[in-house]
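Residue-level structural notes
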Amino acid sequence: PPLTEILNLHDFESIAKLVMSEKAWAYYSSAADDEITLRENHSAFHRIWFRPRVLRDVTDVDFSTTVLGQKSSMPIYITATALGKLGHPDGELNLTRAAGKHGVIQMIPTLASCSFDELVDAALAGQSQFLQLYVNKDRERSKELVQHAEKRGIKGLFITVDAPQLGRREKDMRMKFDDAAPDEQKKEGKEVIRDQGAARAISTFIDPSLSWKDLKWFKSITKMPIILKGVQTWEDALLAAKAGVQGVVLSNHGGRQLDFAPSGVEVLIEVVQKLKEELGMTFPNPDFQIFVDGGVRRATDVLKAIALGATAVGIGRPFLYAFSAYGQLGVERALTILHDEFEMDMRLLGAPTLKDIVPSMVDTKSITSH
Ligand code: FNR
């Protein structure tokens, strides 16, 4: 169908399933074990309800914001997803170009199909990008990438902490990996394990020994803000704040790592409460920013997380499906849809700016009581 008939982010998924290769679909759509966390990422949002306010002047609504000091036209960012060329020959470039046009931030994955420099070169003047880092067993390799990224103007370092080993994504494991390995893996010169899916083929360099002690070293090699991606409890959010990093992404990696890990938005509630109790912090907080990802498909999902204290929310699969089916124009359409949803939802919530989206605008009774 023509793009104008795509009305929401879900639509991209059903079309992508029809047009993508079996391998690409298996890699993008799969999640760990029985995919219970994948399902929970969606259903957790269904348990949060709004408490909309009326009779406020909502002629003009403004949902632009600042993420780690960088301007963003909406409180979302394109999160890191590996192997963009499985879905489309231009791979992650589709995301870079669409993000530039719409003024949103793209997080470049360590395991992008396009090279890092290609994705930075494709950015417009003033377009902000982040880097997602899988920490290499050979720390010099990680240091090289981080310092190169900083030199190239990357504005934030997201260290993935939920993947000391990749989860069992059985749909993907039933496929043989025969596509081009990403740049990072090629440089590695490592043998690619081809008989158990894409995820296993590309992840052998990741260091399972990574620990809290390593954060000091990361802080010593870069001035970029450091954010831990994949925090899943308030205990670890507290450790992160005490370790002096600039934020956390409450995420279960799109349900692809530990099945029965909780949804990010649900963890958000306890994290905000405990950081307030233990450290007297309030959110959103410019010095320690909380992000959420997983299962976000509507602006209403995003606004629920904003009300609960998140600075911005990451979206993964919908953009992959959008470019797999329609290339860059698909990603642009997805961003336009979100933009229109934000505008309408803010009006209907009675919130002219994101500051007006406060905790009392959501009802979390059905979450906290279970
Ligand atoms: C991911 N994700 C991910 N995360 C990361 O830190 N490094 C990576 O290389 C990848 N690769 C990746 C590939 C694919 C195909 C998917 C679907 C996801 C996780 C990603 O950043 C994010 O946490 C989830 O995708 C968010 O959930 P949704 O929006 O896909 O539901």
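Above this note sits the structure.
Only a predicted model underlies this, so the values are computations on that prediction, with no experimental measurement involved.

Describing the packing of helix 13 (residues 299–307) against helix 14 (residues 317–349)
Between helix 13 and helix 14, the shortest axis-to-axis distance is 9 Å and the interhelical angle comes to 55°. Comparing their axes, helix 14 and helix 13 come out oblique. Two packed elements cross with a definite hand, and for helix 13 against helix 14 that hand is right-handed. Residues A299, T300 and L303 of helix 13 form the contact with helix 14, whose own contacting residues are L338, E341, F342, D345 and L349. Classifying every residue of the contact of helix 13 with helix 14 by side-chain character gives 5 nonpolar, 1 polar and 2 charged.

A word on the sheet that holds strand 9 (residues 247–250)
With respect to topology, 8 strands assemble into a closed barrel ordered 4-5-6-7-8-9-10-11, the strand pairing being parallel. Each neighbouring strand pair of the sheet contributes to a mean axis angle of 30°, computed without reference to strand direction. Here strand 4 (residues 76–78) runs beside strand 11 (residues 312–315); their pairing, made up of 3 bridges, is parallel. When the sheet's bridge partners are listed, I78 is paired in strand 11 with I315.

Some remarks on unusual backbone geometry
Here the residue pair F283 and P284 is connected by a cis peptide bond, since its omega of 0° sits within 30 degrees of zero. Residue position: P284 is located in the loop between helix 12 (264–279) and strand 10 (289–293). One non-glycine residue, H253, lies in positive phi territory at about 65°. Examined against the element boundaries, H253 turns out to sit in the loop between strand 9 and helix 12. Residue classification places H253 among the buried positions, given that 25 C-beta atoms sit within 10 Å.

Let's talk about the nonpolar core
Counting residues in each nonpolar core, the largest one holds 116 residues, and the members touching the most others are F158, L268, A310 and V313. Among the elements that line this core, the one with the most residues is helix 14, at 15 residues. If we skip the residues at most four places from it in the chain, L268 touches L250, I290, V292, A305, L308, G309 and A310.

Notes on helix 14
Look at helix 14: only 27 Å from first C-alpha to last across 33 residues, short of the 48 Å you get at 1.5 Å a residue. Helix geometry: helix 14 is bent most strongly at Y326, by close to 140°. Just downstream of helix 14 lies G350, where phi reads positive at about 75°.

Some thoughts on the site of the ligand
In the vicinity of the ligand there are 25 residues, among which A82, T160, G254, G316 and R317 approach most closely. Among the elements of the structure, helix 2 (22–29), strand 11 and helix 14 are those that each provide at least two residues to the shell around the ligand.

Calculation notes
Residues numbered from 1 in each chain as written. Predicted model: local features only at pLDDT ≥ 70, side-chain atom pairs only at ≥ 80, totals over all residues. Axes fitted to C-alpha atoms, helices over the stretch in contact; angles between N-to-C directions. Helix = DSSP H or I, 4+ residues; strand = E, 2+ residues; numbered from the N terminus. Parallel < 35°, antiparallel > 145°, perpendicular 65-115°, else oblique. Left-handed = near helix turned anticlockwise from the far one by under 90°. Contact = placed C-beta atoms within 7 Å. Nonpolar A, V, L, I, M, F, W, Y, C, P; charged D, E, K, R; others polar. Pairing = 2+ DSSP bridges. Buried ≥ 20, exposed ≤ 12 C-beta atoms within 10 Å, placed from the backbone. Core = buried A, V, L, I, M, F, W, Y, C linked by C-beta atoms within 7 Å. Expected span 1.5 Å × (residues − 1). Bend = angle between axes of the 7 residues up to and from the residue. Near = placed C-beta within 6 Å.

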